[in-house]
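A look at the structure
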Amino acid sequence: MKKQLDKTQSTYKFSTKCCHAGQSCDPRTGAHNTPIYQTTTYAFQNVDHGARLFSDAFDPAVGLQDGFIYTRFGNPTQKALEEKIAVLEEGEAALAFSSGMAAISAVFLLLVKPQDHVVADNSLYGTTRDFLVQVMEKFGVNLSFVDFSDLDQVKKALLPETKVLYCESPTNPRLKCVDIAQVAALAKTIGAATVVDNTFFTPYFQKPLLLGADVVVHSATKYLSGHGDCISGLAVGSQHFINELRCVVHNNMGGVISPFNAWLVLRGIKTLPLRMRQHEENALAIANYLSDHPAVEKVHYPGLPSHPQHEIVKRQATGFGGVLSFELKGGYEAGKSLMNKVQLCTLAVSLGDVDTLIEHPASTTHAVVPREDRLAAGLTDGLVRLSVGIEDARDLIQDLAQGLLSSQNGV
Ligand code: LCS
């Protein structure tokens, strides 16, 4: 019967690990696929067994290695997912959550306490920034938002109380990229942790832990699950960090992934390499098409040599991902017009689905944000974000072409 891959010593290549890591045939039934363990609780063999499991589960130095107590503390389907992502990110251990935000907030709640200081990039995913400002600040955590593509700014922001340096690379939605190894090296000089949101590139293209980061977080809602059918999150780090995250925050906060959603992410990851290759091929074709389009002012895509961090990305990642954004010369009205004209691309938030999603922050997601604040965040009137799907790129280009024709004419 198929055995589980060894976490640290496997020499298998990435695609093989996507299919096999964390998953082995069920020893009792021989079921080849990991079952959805749709159970809340688990029977103890006897009182001593129950007592041992509880004592392990609540001791971060030990952690629950074998056996289960209650699905909020762990579940076999969740465990398979955690082992798979730990192998793929080349971390020691991982923890699954009900959403990317549940993972991100749990990591901060473990790493900081009142009077501590966090240095975060100034163009994070909006809800991550809101969590820091609305929740962390309320509990006495001090924040500095600086541009992580300028290492001098990061260096100047560091204080003796700085506990976390936090960034995404690429960022959402401007696709700014960060030199992760340099940021992690700066963090180490003051004993702070580097946390990287690897949602956009996934471990298929980029492994922040190998570049020196301490913790990786994911909205698994996006590329990892890949089909736009489940909200989910992951955190990956050292065994000790993950044990503490589970014991101190997760078990008590309860942002647990459902067994069914864990199973959907497990299934999604099996095809991650195939999908990421196609997303990237299509994104590059569209980025090149848009770069030459008369209605387009500028294209933001790390795969273009004109991208300011193109060389850094070439060094620290193996590809450029499937999301791009672009600025329309016609500004707000042109953006609105394109949104109303596209037929194949879906006007929706989120990203990383097999189908293409398009959005225009100024007229939709950020319509209520004062214009000056929106512009300060780099969300110009004509900025459009495109999460390029795995459809045939020729169809996508045709859809954008007809949409842009009307936006060019101001229709
Ligand atoms: N990190 C990044 C980079 C994200 O793009 C998102 C969600 C999250 C974390 C949060 O993950 P969630 O809790 O939703 O699983 N990004 C979204 C977006 O761009 N549009 O809608 C959601």
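Moving on: the domain arrangement of the chain. By domain assignment, the chain separates into domain 1 (14-269) and domain 2 (274-409). Between the C-alpha centres of domain 1 and domain 2 there is a distance of 28 Å. Taken together, the contact between domain 1 and domain 2 spans 30 residues of the former and 33 residues of the latter. Surface buried jointly by domain 1 and domain 2 totals about 2600 Å² across both partners, of which 58% is contributed by carbon and sulfur atoms. The three residues of domain 1 that bury the most area against domain 2 are R174, F205 and Y223, which together make up 31% of that side's buried surface. Run the count over domain 1 and domain 2 and you get one salt bridge. R315 is the salt-bridge partner of D179, the closest N and O atoms lying 3.1 Å from each other. Where domain 1 meets domain 2, there are 17 residue pairs in polar contact (both at pLDDT 80 or more). Of all the elements in the fold, those that place two or more residues in the side of domain 1 that touches domain 2 are α7 (180-189), α8 (202-205) and α10 (259-270). Ranked by residue count, the leading element in the side of domain 1 that touches domain 2 is α8, at three residues. Looking at the side of domain 1 that touches domain 2, its residues break down into 15 nonpolar, eleven polar and four charged.

Moving on, we come to unusual backbone geometry. Residue P170 is reached from S169 by a cis peptide bond, and omega for that bond is 0°. Here P170 lies in the loop between β4 (162-168) and α7. In this structure, Q115 takes a positive phi of about 80° despite not being glycine. Position of Q115 relative to the elements: it lies in the loop between α4 (100-111) and β2 (117-121).

One finds L81, L324, F326, L338, I358 and L386 to be the most contacted residues of the largest nonpolar core, which totals 60 residues. Here this core gathers at least three residues from each of two domains, domain 1 (14-269) and domain 2 (274-409). With residues up to four places along the chain from it excluded, the contact list for L386 reads I286, G322, V323, L324, F326, C345, T356, L357, I358 and L400. Membership of the second largest hydrophobic core comes to 29 residues, among which are A93, F97, L124 and V164.

Our next topic: the sheet that holds strand β12 (residues 383-387). Taken in spatial order, the five strands line up as β8-β9-β12-β11-β10 in an open sheet, and their pairing is mixed. Because the sheet does not close on itself, it has two edges, and the strands there are β8 (296-300) and β10 (346-347). With four bridges connecting them, β8 and strand β9 (residues 323-328) associate as antiparallel partners. Across the sheet, residue H300 finds its bridge partner in β9, namely S325.

The environment of the ligand is formed by 17 residues, the closest being D197, S219, T221, K222 and R385. The separation between an oxygen atom of the ligand and a polar main-chain atom of M101 is 2.9 Å. One of the side-chain nitrogen or oxygen atoms of D197 is found 2.6 Å away from a nitrogen atom of the ligand. Its residues assigned to classes, the shell around the ligand shows five nonpolar, eight polar and four charged.

Quick look at the pattern of salt bridges now. Applying the stated criterion across every chain yields a total of 13 salt bridges. Here K176 ties to D121 by a salt bridge, and the two come within 2.8 Å at their closest N and O atoms. On the criterion of sequence distance, the pair formed by K176 in the loop between β4 and α7 and D121 in strand β2 is long-range, its members being 55 residues apart. Grouping residues by exposure puts K176 and D121 together as buried. Measuring nitrogen to oxygen at the nearest pair gives 2.6 Å for the salt bridge that ties R371 to D381. You can see R371 sitting in helix α14 (residues 371-376) and its partner D381 sitting in the loop between α14 and β12, a full ten residues away along the chain. One salt-bridge network, held together by shared partners, links R52, D56 and D66.

Cut-offs applied
Residues numbered from 1 in each chain as written. Predicted model: local features only at pLDDT ≥ 70, side-chain atom pairs only at ≥ 80, totals over all residues. Heavy atoms only, no water. Domains from an automatic or database assignment. Contact = heavy atoms within 4.5 Å. Buried area = accessible area lost by both parts, 1.4 Å probe. Salt bridge = Lys/Arg side-chain N within 4 Å of Asp/Glu carboxyl O. Polar contact = N/O pair within 3.5 Å; in protein donor to acceptor, adjacent residues only side chain to side chain. Helix = DSSP H or I, 4+ residues; strand = E, 2+ residues; numbered from the N terminus. Nonpolar A, V, L, I, M, F, W, Y, C, P; charged D, E, K, R; others polar. Core = buried A, V, L, I, M, F, W, Y, C linked by side-chain atoms within 4.5 Å. Buried < 20%, exposed > 50% of the residue type's maximum accessible area, 1.4 Å probe, protein only. Pairing = 2+ DSSP bridges. Near = heavy atom within 4 Å.

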